[in-house]
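Here is how the chains run, residue by residue.
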Amino acid sequence: MKRLFIPIFSIVMLVSCGTAKAPADAATDQSSNVKGDKAFLTAYKEIKADDLKKNLYVIASDEMGGRDTGSPGQKKAGEYMVNYYKSLGISYPKALGSYYQKVPADYMKQRGGSNLPDSENILAFIEGSEKPEEIIVISGHYDHVGTQKGVVYNGADDDGSGTVAVMEIAKAFQSAKKAGKGPKRSILFLHVTGEEHGLFGSEYYTDNPVFTLANTVADLNIDMIGRDDPQNRGKQYVYVIGSEMLSSQLKVINEAANKKTNNLELNYSYDDPNDPQRLYYRSDHYNFAKNNVPVAFFFDGIHEDYHKPTDDVEKIDYKLLEKRTQLVFATAWELANMPTRIVVDKK
Ligand SMILES: [Zn+2]
């Protein structure tokens, strides 16, 4: 997630105001309570902590050098992702002609990203069976802040966790498709670059969308979902941000998806317009929201290793990462298969 430029000690004081409003009865393991049709349940079970872990140990390894925008390490992580999609038989949007959407150095320079080399968004795509022109975007940034003074900032949570979650959700949808139950609407798995320097990859995508934004139903953005923050230590929770800003339906759908899956505590405290963290503006979903596309941003909070070289794979709670990934999948499944697309009815 993009840094807010206020001193770190004041961040610690400012974020201590979150209040949770959610059921207090979340049992430790409710996986046996997961409800839904057979196709959903089969696909849902494809999302596994071990697979998330396996991919994250590659994406957030030292070999990727902290994945700074346009760096060789980031490109290497990108190659791993592309090979993963190929191995699953998941292609790219036809109109794009490859998995890569180039984000030019000049574009980033005009927005204050001086000295960044050309970089790439990575797009994988599953075409819908009934309404292929309507698109659900599931996004996460795969860049991080690189190597500084010889120390690799691995960004396991930020946003390695979102990156592997998007990959895992794609696998689940593809498995449903292979079983003849692919999504009715199309799903775009959008791995954006340049986030840490200023949300450049998502801005470039929404300035140059592969599918028209008018036909883009929603963006579910995942940026940091593998840890917990001091206010929620040990809880089964996730922050959901922005889900009722543009559509009265999205929050309702996400809550229903949560109820039929892991029943996490959904924390909306960052939806407060007066919250000093301004998280609604600080990750890639914002570029969709400003174009009137409904969004939900899934986030674990600001923890002690945020933007530190200690944001490492050993500190991820893989079971919690699995549950949060399953929630995003369940919400996307509903958005993709419901009879009519959600409406934009708020400004
Ligand atoms: Zn970040």
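Residues numbered from 1 in each chain as written. Predicted model: local features only at pLDDT ≥ 70, side-chain atom pairs only at ≥ 80, totals over all residues.

A.B. asks: Please explain the pairing of strand 2 (residues 119–126) as it appears in this structure.
C.D. replies: Consecutive side chains along a regular strand alternate between the two faces of the sheet. Most of strand 2 sits out of view: 8 of its 8 residues are buried. Note: strand 1 (residues 100–103) against strand 2, 4 bridges, orientation antiparallel. From the neighbouring strand, Val 103 faces strand 2, where its bridge partner is Ser 119. Here 5 bridges tie strand 2 to strand 6 (residues 185–192), and the two strands are oriented antiparallel to one another. From the neighbouring strand, Leu 123 faces strand 6, where its bridge partner is Leu 190. (Buried ≥ 20, exposed ≤ 12 C-beta atoms within 10 Å, placed from the backbone. Helix = DSSP H or I, 4+ residues; strand = E, 2+ residues; numbered from the N terminus. Pairing = 2+ DSSP bridges.)

A.B. asks: Hey, could you run me through the sheet that holds strand 10 (residues 295–299) in this one?
C.D. replies: Backbone hydrogen bonds are what pair the strands of a sheet, in a parallel or an antiparallel way. Pairing within the open sheet is mixed, and its 8 strands lie in the order 1-2-6-3-7-10-8-9. Because the sheet does not close on itself, it has two edges, and the strands there are strand 1 and strand 9 (265–267). Neighbour to neighbour, the strand axes of the sheet diverge by 25° on average, direction disregarded. Where helix 11 (residues 318–337) meets the sheet, it contacts strand 3 (131–141), strand 6, strand 7 (216–222), strand 8 (237–241) and strand 10, and its direction lies at approximately 180° from that of strand 7. (Axes fitted to C-alpha atoms, helices over the stretch in contact; angles between N-to-C directions. Contact = placed C-beta atoms within 7 Å.)

A.B. asks: Even after reading the chapter, I still don't get the confidence of the model for the protein chain, so can you show me in this structure?
C.D. replies: Detailed reading of predicted coordinates is not advised where the pLDDT is low. Per-chain confidence: the protein chain averages 92 in pLDDT, with 92% of residues scoring 70 or above. Across residues 7–31, confidence stays below pLDDT 50; counting only partners more than four residues off in sequence or on other chains, it has 26 contacts. (pLDDT = per-residue confidence, 0-100.)

A.B. asks: What is the right way to read the packing of helix 4 (residues 72–88) against helix 6 (residues 156–178) from this model?
C.D. replies: The axes of two packed helices give the description: the angle between them and the distance between them. Packing of helix 4 against helix 6 leaves a shortest axis separation of 11 Å and a crossing angle of 10°. Regarding the angle of helix 4 to helix 6, the classification is roughly parallel. From helix 4, Met 81, Tyr 84, Tyr 85 and Leu 88 reach across to helix 6, where they touch Met 167, Ala 170, Lys 171 and Gln 174. (Parallel < 35°, antiparallel > 145°, perpendicular 65-115°, else oblique.)

A.B. asks: How do you make sense of helix 11 when you look at a structure like this?
C.D. replies: Under the 1.5 Å per step criterion, the end-to-end length of helix 11 is 28 Å for 20 residues, consistent within 8% with the ideal 28 Å. Judged by how many residues are buried, helix 11 sits mostly within the fold: 18 of 20 residues are covered. (Expected span 1.5 Å × (residues − 1).)

A.B. asks: Hey, could you run me through the UniProt feature "domain: Peptidase M28" (unreviewed entry) in the protein chain in this one?
C.D. replies: Under the feature "domain: Peptidase M28" (unreviewed entry), the UniProt entry names residues 121–330. Helix makes up 30% of residues 121–330 and strand 23%, and the two end C-alpha atoms of the span are 25 Å apart. (UniProt positions renumbered as here; feature names shortened; annotations may be inferred.)

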